[in-house]
Amino acid sequence: EKWVYLNGEFVPKSKAVVSVFDHGFLYGDGIFEGIRCYSGNVFCLKEHIVRLYESAKSIMLDIPLTPEEMEAVVVETLEKNGLPDAYIRLVVSRGVGDLGLDPRNCKQASVIVIAEELSLFPQRYYDEGLEIVTVPTRRNVPDALNPKIKSLNYLNNVLVRLEAARAGVLEALTLNQDGYVCEGSGDNIFIVKNGKIFTPPTYVGALEGITRNVVMELCETFQIPCAEVPFTRHDVYVADEVFLTGTAAEMIPVVNVDGRIIGSGKPGPLTAKLTKAFRQLTVQRGTKVPG
Ligand SMILES: Cc1ncc(COP(=O)(O)O)c(CNc2cccc(C(=O)O)c2)c1O
C-alpha cells in the first residue's frame, strides 16, 4: 500500500484523512504544488518549493517546515513509496479551525505529500496533437485572486474542464475578462508564428507555470525569440503551431482550436524541437532521490 506524508508522519493511503474542520476542505483555504519525478529525478523541485512558499507568504499562511525540510519530505515520500517515476501532490492548507472563515482560528497548517503514478493525456495526443475549444467560463479576475498563487481554489478550473468535456475535448482554452487568451484548465499555452514564440503574460491571468518558464529558458538557449504578450483567439487560429505546457501535461501539441486546423494540422517542428530538449532536461535538472 502507498504511504502518504501527513503532518509529520507517513500513514498508509487508506488512513490518510484530514478533519472536516480543515479550512482547506471547508473553504479551499490553502495552496498546492504538482511536481514530477523522472527516473528518480524530482524535476525542478527547488522552483516548485519557491513557488509554494511565495504562495504561502501571499496568503499569510505559515508553513511549519523550512523550504529545505519540505524538499526533504518530498524526496522521502518518493523513497518510501519506491517510485522512480511519479506525480507528487504537495498540499498545505490553513489547517483545522472552527466553522468561521477567520484563518486566525486555525492553529497549525496541514502539510500533505502524495506520490502517485500519473499520465494525464493518452500518448496518441502527444503524437497527433490535441483538439481544444474556447469555453464560456472566463479565468478568475487577477485582482480578485492573484493567478500566481497556486491556491486550492480550483472551481474555476474544474468548470472549465467540465465545459471541455461537454464539448467532447480533453482540454479547453480560457479567456480573461478582456477577451485575451489566458491558459488551459491546468496548463499554459504557447503559440508559434513565423519562427517566434508567444505566451500570455501572467497579468493576463495565467499561473506562472514552472514548465512554461522552462520552455521560455529553452527558447533563450536555442535563440528562438519568445515574448510574453497578450493575444486573442484570432492569433491562436492563425498560428503556425500551438502547444500546452504543465507538470502533468508536460508539453502537448494542439492541432485544432474551435474547429480551426492549426498550421499543417500536425504537431509543428518547433514544438518537437522544444519537447525533445524538455525531455532531456527532465532527467538532468532537479533533485535526485537516493537509492
Ligand atoms: C491553472 C494552471 N495553469 C498552468 C499549470 C501548469 O503549471 P506548471 O507548469 O507549474 O505545472 C497548472 C498546473 N497544472 C495542474 C494542476 C493541478 C491539476 C492539473 C490537472 O490537469 O489535473 C494540472 C495549472 O493548474
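Residues numbered from 1 in each chain as written. Predicted model: local features only at pLDDT ≥ 70, side-chain atom pairs only at ≥ 80, totals over all residues. Heavy atoms only, no water.

Draft legend 1. Local environment of helix 6 (residues 210-221). Between its terminal C-alpha atoms helix 6 stretches 17 Å, which fits the 16 Å expected from 12 residues at 1.5 Å a residue. Residues of helix 6 that are buried include every one of Ile210, Thr211, Arg212, Val214, Val215, Met216, Leu218 and Cys219, and no others. Within two residues after helix 6, glutamine 223 carries a phi angle of roughly 55 degrees, on the positive side. (Helix = DSSP H or I, 4+ residues; strand = E, 2+ residues; numbered from the N terminus. Expected span 1.5 Å × (residues − 1). Buried < 20%, exposed > 50% of the residue type's maximum accessible area, 1.4 Å probe, protein only.)

Draft legend 2. Broad picture of the site of the ligand. Among the 21 residues in the neighbourhood of the ligand, the closest are listed as Tyr154, Glu183, Ile210, Thr211 and Thr247. Glutamate 183 places a polar side-chain atom, nitrogen or oxygen, 2.6 Å from a nitrogen atom of the ligand. Interatomic distance of 2.6 Å between a side-chain N/O atom of threonine 211 and an oxygen atom of the ligand. The fraction of the free accessible surface of the ligand (540 Å²) that becomes covered by protein chains is 91%. Secondary-structure elements contributing two or more residues to the shell around the ligand are helix 5 (155-166), helix 6 and strand 12 (241-246). Residue composition of the shell around the ligand, by class: five nonpolar, nine polar and seven charged. (Near = heavy atom within 4 Å. Polar contact = N/O pair within 3.5 Å; in protein donor to acceptor, adjacent residues only side chain to side chain. Areas by Shrake-Rupley, 256 points an atom, 1.4 Å probe, with all protein chains shown as cover. Nonpolar A, V, L, I, M, F, W, Y, C, P; charged D, E, K, R; others polar.)

Draft legend 3. Molecular detail of the environment of glutamine 223. On the secondary structure map, glutamine 223 appears in the loop between helix 6 and strand 11 (226-228). For the pair glutamine 223 and lysine 196, spaced 27 residues apart in the sequence, the C-alpha separation amounts to 10.0 Å.

Draft legend 4. Seen up close, the side chain of aspartate 258. On the secondary structure map, aspartate 258 appears in the loop between strand 13 (250-257) and strand 14 (260-261). For the buried aspartate 258, no salt bridge exists, and the shortest N-O distance to an oppositely charged side chain is 4.0 Å, to arginine 233. Setting aside residues no more than four positions away along its own chain, aspartate 258 makes contact with Ile132, Val133, Thr134, Arg233 and Tyr237. (Lys, Arg positive; Asp, Glu negative; His and termini not counted. Salt bridge = Lys/Arg side-chain N within 4 Å of Asp/Glu carboxyl O. Contact = heavy atoms within 4.5 Å.)

Draft legend 5. Main features of the sheet that holds strand 3 (residues 30-38). If you trace the seven strands from one edge of the open sheet to the other, you get 2-1-6-5-3-4-15, paired in antiparallel fashion. Of all strands in the sheet, those with a lone pairing partner are strand 2 (9-12) and strand 15 (286-288), marking the two edges. Pairs of neighbouring strands in the sheet enclose a mean axial angle of 25 degrees, with direction left out of account. With seven bridges joining them, strand 5 (residues 86-93) and strand 6 (residues 110-116) adopt antiparallel strand pairing. For leucine 90, the partnering residue across the bridge sits in strand 6 and is valine 113. (Pairing = 2+ DSSP bridges. Axes fitted to C-alpha atoms, helices over the stretch in contact; angles between N-to-C directions.)

Draft legend 6. Structural detail: the packing of aromatic side chains. Per the counting criterion, the structure on display carries five aromatic pairs. With a centroid separation of 5.0 Å and 75 degrees between ring planes, the pair formed by phenylalanine 32 and tyrosine 154 is classed as edge-to-face. With phenylalanine 32 in strand 3 and tyrosine 154 in the loop between strand 7 (130-134) and helix 5, this residue pair connects regions lying 122 residues apart in the sequence. Residue tyrosine 154 is classed as partly exposed on the basis of its relative accessible area of 24%. (Phe/Tyr/Trp six-rings, centres within 6.5 Å; stacked < 30°, edge-to-face > 60°.)

Draft legend 7. Representation of helix 2 (residues 45-58) in the model. In this model helix 2 runs 20 Å from its N-terminal to its C-terminal C-alpha over 14 residues, within 8% of the 20 Å that 1.5 Å per residue would give. Where helix 2 is concerned, the buried positions are Leu45, His48, Ile49, Arg51, Leu52, Tyr53, Ser55 and Ala56. Buried residues in helix 2 make contact with strand 3, strand 4 (41-43), helix 3 (67-81), strand 5, helix 6 and strand 15.

Draft legend 8. Up close: the packing of helix 2 against helix 3. In contact at an axis separation of 10 Å, helix 2 and helix 3 are set at 125 degrees when each is read in the N-to-C sense. Comparing the axis directions of helix 2 and helix 3 gives the class oblique. Between helix 2 and helix 3 lies a crossing whose hand is right-handed. Contacts from Leu45, Lys46, Ile49, Leu52 and Tyr53 in helix 2 reach Pro67, Met70, Glu71, Val74 and Val75 in helix 3. Residues of the contact of helix 2 with helix 3, tallied by class, amount to eight nonpolar, no polar and two charged. (Parallel < 35°, antiparallel > 145°, perpendicular 65-115°, else oblique. Left-handed = near helix turned anticlockwise from the far one by under 90°.)

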